[in-house]
Amino acid sequence: MKRKFTTVVLTLLILSVVLTASCLISGTFIFVEDFNFTADTGWYWYPVDLTSNADWREHKDKLDRVEQVGFEMTIQNTSDIDTEFNVWFVPASDPVETAVKPNVLPEFGAPVITGLFVPANSTKKISYAESLGIIINARILSQIVQQGRFDYYGYSTGGSGDFPFNVTDGKIIVTLSASET
């Protein structure tokens, strides 16, 4: 009886090792891209390249999906005019090193934040948790971000050379899941 029990336990142990080795191995990766800018013309462009991150390069062929995209930022409206802040993500194929700032906002892409109100002469902090409630087009946003290289466009209804629109302590936070067999 004891011998039978040992054989069964050993067989189960070997089976669990074999199954574990052949089962899905997965993980979650968080990528943070820092940004700061001053928009003195009403809009700002920033090329984002997650593909230069060592974790991204290591797992790029195993990426399953974008789990979440969020932001953190502090927005300062230095003018005496109430303003509105908007963000678009646009797919990009050119490397960051050769990317050239466009002269106009794109006609395509995904609006991500629209109509974020910032009162005149005030500062507004957006936390990661708060950003999740104001982000729109999450599915399209995820598809764009999963490519690893995309462009960020920020646009304000106010802002001029005399009264810039400052965004500081900015972070784009991307959570991705990856797996392999």
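Remember, predicted model here, so these are calculated numbers, not experimental data.

Q: Explain the confidence of the model for the protein chain here, please?
A: Parts of the prediction with low pLDDT should not have their coordinates interpreted in detail. This prediction gives the protein chain a mean pLDDT of 81; 82% of its residues lie at or above 70. Contacts from residues 8–12, a stretch scored under 50 in pLDDT, to residues over four places away or in other chains number 0 contacts.

Q: Explain the pattern of salt bridges here, please?
A: For side chains of opposite charge, pairing can occur when their charged atoms come near one another. In the structure shown here, the tally under the stated rule is 4 salt bridges. Arg149 is paired through a salt bridge with Asp94; the nearest N and O atoms lie 3.5 Å apart. Highlighted residues: Arg149 in strand 7 (residues 149–156) and Asp94 in the loop between strand 4 (83–91) and strand 5 (110–118), separated in sequence by 55 residues. A residue is classified by how much of its surface remains accessible, and Arg149, at 7% relative accessible area, is buried.

Q: I keep staring at the pairing of strand 7 and nothing clicks. Help me out?
A: Each regular strand shows side chains that alternate between the opposite faces of the sheet. A large share of strand 7 lies buried, amounting to 7 of its 8 residues. Of the pairings in the sheet, the one linking strand 2 (residues 43–49) to strand 7 comprises 7 bridges and is antiparallel in character. By the bridge assignment for strand 7, Tyr46 is matched with Tyr152. For strand 4 and strand 7, the ladder comprises 7 bridges, and the chain directions are antiparallel.

Q: Where do I start with the sheet that holds strand 5 in this structure?
A: Pairing between the strands of a sheet comes from backbone hydrogen bonds, and it takes one of two forms, parallel or antiparallel. Overall, antiparallel pairing links the 4 strands, which are arranged 2-7-4-5 in an open sheet. Of all the strands in the sheet, just strand 2 and strand 5 have a single pairing partner and so form its edges. Pairs of neighbouring strands in the sheet enclose a mean axial angle of 15°, with direction left out of account. Contacts from helix 4 (residues 138–146) reach strand 4, strand 5 and strand 7 within the one sheet, and its direction differs from that of strand 4 by about 50°.

Q: Could you clarify how one ought to interpret the pairing of strand 4 in this entry?
A: Across 6 bridges, strand 4 lies against strand 5 in antiparallel orientation. Following the sheet pairing, Trp88 is matched in strand 5 by Pro111.

Criteria and cut-off values
Starting from 1, residues in each chain are numbered consecutively following that chain's sequence as written. Residue-level local features of this predicted model are given only where pLDDT is at least 70; pairs of side-chain atoms are given and counted only at 80 or more, and the full residue set underlies all totals for whole chains, interfaces and linings. Just so you know, side-chain values use all the structure's heavy atoms and leave hydrogens and water out. What pLDDT expresses is the predictor's confidence in each residue, scored from 0 to 100. Note on contacts: a residue pair qualifies if any of its non-hydrogen atoms lie within 4.5 Å across the two residues. Between Lys or Arg on one side and Asp or Glu on the other, a salt bridge is scored when a side-chain nitrogen of the former is within 4 Å of a carboxyl oxygen of the latter. Numbering of helices and strands runs from the N terminus, with a helix taken as a DSSP run of H or I at least four residues long and a strand as a DSSP run of E at least two residues long. Only protein chains enter the calculation, and the probe is 1.4 Å; a residue is then buried if its accessible area is under 20% of its type maximum, exposed if over 50%, and partly exposed in between. One requirement defines pairing of two strands: DSSP has to find at least two bridges between them. In this description, a line fitted to the C-alpha atoms serves as the axis of each element, helices being fitted only across the stretch in contact, and the angle between N-to-C directions of two axes falls anywhere from 0 to 180 degrees.

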